[in-house]
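Read off the chains here:
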Amino acid sequence: MHCLSSVQYQVLLNGGLTKAFVPKRGLKQGDPLSPYLFILGAEVLSRLFSRAESEGNLKGYSLSRGGTPISHLMYADDLLIFLEAEKGNVAGALKSLDTYCSWSGQMMNMQKSKIFFSKNCSGVCREEIQSLLGLEEMGREEKFLGNPLFLKGNRSSDFEFILDKISARLEGWRARLLSQAARGMSVFVLPRKIINQIDAVLRRFWWTGQSKEGRFLALKAWDTLCKPKQCGDLGFSAGSRCQFQFDRQVRVDVGDGFQGSLDSCSRLQEFIRENCVWVVGKQSKVKIWHHNWSCGDNLVVDSGAINPLVGNSIGFQDLVVSDEDVWHHEKVISTFNPVTTSNILKVNRESLLDHDSACWKPSPNGNFSIKAAYWSLNSARFEQKDNIFGNPPGVCMFCGHDEGDTVKHFISFCPVTRSLWFASRWCIRLEALQSSNGREVVSWLFNPPFLNAMPQAEAREFTVYGALLYYKLWNLRNEMFHRGVPLQLDKLIRQIGESFVESISLVDGLAEPVGGFSVSGAVHWGSPRCEKVKGFVDCALGKDVGSVAVVFYDNLGNLVGFGAKKVHVNSAFQGELEALAFGTDLAKDLHLGGVDFSSDCQLLVKALIAGSSPFWFLTLSFTELYNALVASDSHVVWISRVLNNAAHSLARWGLSHPCNGLLRFWEVSPHVLTNLFFSA
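The present account deals with the structure reproduced in this document.

Calculation criteria
Sequence positions are assigned chain by chain, starting from 1 and proceeding in written order. Only residues with pLDDT of at least 70 get local features here, since the model is predicted, and only at 80 or more are side-chain atom pairs given and counted; chain-wide, interface and lining totals rely on the full set of residues. To get the side-chain values, take all heavy atoms of the structure and skip hydrogens and water. Runs of E in the DSSP output that reach at least two residues are strands. Runs of H or I that reach at least four are helices, and both are numbered from the N terminus. By definition here, a helix of n residues has an expected span of 1.5 Å times n minus one. Patch rule: a residue counts if its relative accessible area is over 30% and it has no salt bridge; like charges are joined within 9 Å, and nonpolar side chains (Val, Leu, Ile, Met, Phe, Trp, Tyr) within 5 Å. Only the protein chains shown count as covering a residue, and every accessible area follows the Shrake-Rupley method with a 1.4 Å probe. When a carboxyl oxygen of Asp or Glu is within 4 Å of a side-chain nitrogen of Lys or Arg, the pair counts as a salt bridge. When accessible area is computed with a 1.4 Å probe and restricted to protein chains, residues below 20% of their type maximum are described as buried, those above 50% as exposed, and intermediate ones as partly exposed. Two strands form a pair only when DSSP identifies at least two bridges running between them. For helices, the fitted axis covers only the stretch in contact; all axes are lines through C-alpha atoms, and the angles between them, taken along N-to-C directions, range from 0 to 180 degrees. To pair, rings of Phe, Tyr and Trp, with the six-membered ring standing in for Trp, must have centres within 6.5 Å; the planes then decide the type, stacked if under 30 degrees apart, edge-to-face if over 60, and tilted in the middle. Any Lys NZ or Arg CZ found within 6 Å of a ring centre and within 35 degrees of that ring's normal is scored as a charge over the ring. Among buried residues, those of type Ala, Val, Leu, Ile, Met, Phe, Trp, Tyr and Cys that are joined through side-chain atoms within 4.5 Å constitute a nonpolar core. We define a polar contact as two N or O atoms separated by no more than 3.5 Å, with the added condition that, inside protein, one atom must be a possible hydrogen donor and the other a possible acceptor, whereas residues neighbouring each other in sequence contribute only through side-chain atom pairs. Any two residues whose heavy atoms approach within 4.5 Å at even a single point are treated as in contact.

## With respect to helix H19 (residues 456-483)
Note that an α-helix has 3.6 residues per turn; residues three or four places apart therefore point the same way. Between its first and last C-alpha atoms H19 spans 41 Å; for 28 residues at 1.5 Å apiece the expected length is 40 Å, and the two agree. Glycine 484, located one to two residues past H19, shows a positive phi value of around 70°.

## Looking at a nonpolar patch on the surface
Among the surface-exposed residues, Leu33, Tyr36, Leu37 and Leu40 lie close enough to one another that they form a single nonpolar patch of about 400 Å² accessible area. Position of leucine 40 among the secondary structure elements: in helix H2 (residues 34-54). The exposed category is assigned to leucine 40, whose relative accessible area is 58%.

## Concerning the sheet that holds strand S9 (residues 276-279)
Read from one edge of the open sheet, four strands run S11-S10-S9-S14, paired in mixed fashion. Of all the strands in the sheet, just strand S11 (299-301) and strand S14 (357-360) have a single pairing partner and so form its edges. Direction aside, the axes of adjacent strands within the sheet are offset by 35° on average.

## What about the packing of aromatic side chains?
Enumeration according to the criterion identifies 24 aromatic pairs in this entry. Ring centres 5.7 Å apart and planes at 75° place the aromatic pair tyrosine 465 and phenylalanine 500 in the edge-to-face group. Pair noted here: tyrosine 465 is in helix H19 and phenylalanine 500 is in helix H20 (residues 489-507), with a separation of 35 residues, a long-range link. No difference in accessibility class separates tyrosine 465 from phenylalanine 500, as the two residues are buried. The ring of tryptophan 327 has arginine 349 sitting right over it, with the charged end atom 5.3 Å from the ring centre.

## Some thoughts on the nonpolar core
Formed by 30 residues in total, the largest nonpolar core has its most connected members in Phe552, Leu580, Phe597, Leu604 and Leu608. Of all the secondary structure elements, the ones that give two or more residues to this core are strand S15 (533-541), strand S16 (546-553), helix H21 (572-589), strand S18 (595-599), helix H22 (602-610), helix H23 (619-631) and strand S19 (635-638). Counting 27 residues, the second-largest nonpolar core is a separate cluster that includes Cys396, Val416, Val464 and Tyr470.

## Concerning the side chain of histidine 648
Relative to the helices and strands, histidine 648 resides in helix H24 (residues 645-655). At 2.8 Å, the side chain of histidine 648 and the side chain of arginine 641 are in polar contact. With sequence-adjacent residues up to four places away left out, histidine 648 is seen in contact with Phe422, Arg429, Asp538 and Arg641.

That is the geometry; function is a separate question.
And the structure:
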């Protein structure tokens, strides 16, 4: 009741505000719970209509023969009722409305309510129903929530109001309300003529400052300006780019009445089908012909992998021997091509989730978003090089990489940049950064994922060092480009170090930690749980192969065992996952019991805490690892990269040496062995 009675009002009277007063009865606008309580009440009205339908007292409108009839649609307190034009149906709807009004205390606003008849309704029927309801008949120009309810034969004229609104707002307040154009396009696929006219208005406003008619000189192609900023352009949301460009992708004729909006929605189906993938579960209901689906890591099966002679009604459960819950080998072999068959039969069905899970294929975590869908639809256009209005990037001045003279390469991928970071006292591996612009780098420097593992002073030093590194590196790049100065890596490292010493003395006087965050002391591995072994895991990635390693210590810090093996992975995260899985398997072979594992992959540790894989295409391996950790009573914690030297050096050694499991002392190089003994 406090939530319902806490709202206060002030009234604007003669140019001034009255004193605040509290309403004494009923729900009022502004009450925190009003929206939720209204929805609960509206649900009662919806069920009254549904009950009247089930009892035969009300019959809705079907959009097609045999289609499910629709009796009502709701949007907040706006209600659309669809009825067959018959007096009994109208009476059934009125009875439901009267019952709801008597229960809720709400009333229909008769002045705002109207009625519309289809062209097949006779004049006599119209008069009877209109007299019964007492409502004014609706014209075809009516709009609902700002959108036309009915479309004419000439669809362009239906949406000319959007052009008028855009022009008025551009003239009234310049660029602030440009995005409002998208509102009209959220329901309908606009005609190409209207879209082109919207583009023309926006182009003219951009180049001249006003949207009226007149000639102007466009200094750059509009299509280029509408590419995202990540592609080197301005990221305008032009009329032809709003939402998903479905009018360019596919065209269908739009019928009369509400059919236009329904057809617009139906165009999404093929796009969604192409980009949606089902991660199947043990009790999957997926039909293999009609969906993209996955049952293993980096495995997506579509209709192209299926034997054309297989019936189109076959489901995922048909591939399983139901009594034994194992793969039906003969069925799988006869259904799929050899490569897909081999991948499916490798999957351990016990590691599958219980139920199907829908994922958005282009998103790493599988979550759908408008942004991800927009990029998926326009990826080909965004990746095109603007050869007319700009030259392709040249070679990297540092490493000579073709088309490497880009921000993304300079920040994250250039071997010189990576070597500078690895040579720092933090031994940073830039594989974890993967930034593509300066804003992401600044965010990373001020808020690195290992921030909580640093003392406050060291966090400031890290930020200062990173800023100086990129500053000196950029200056050297310009000197090499314009003056032909040679690259001297040792000299560059020395210059960065000297500038760092000079700059840090000025930063040490700061009262607040970098980025406004308080940080705790470095996380050392310390003593494991009583009688529990501590395991350090890591992964190293080479050009064609990766290597994972694990090192075990007892509660006194004595070396218990270690091992490494080669792996083939597609990402750093998958490598870290394989390293922890390798450590779990080796601990089981050595009968070490539950182990306290330490990993320097923060993303993996957070995912294990949440119990969910951040990448849908690694769901199987993640689930197997998670179950193995739980079954063995093992724990996983995150540690800084600088505290994981033993496993890191062993993993690096494994890239260039034969290894496939538990190793003996004499099998590894002396410098690696030294790290294993003294890292504890």
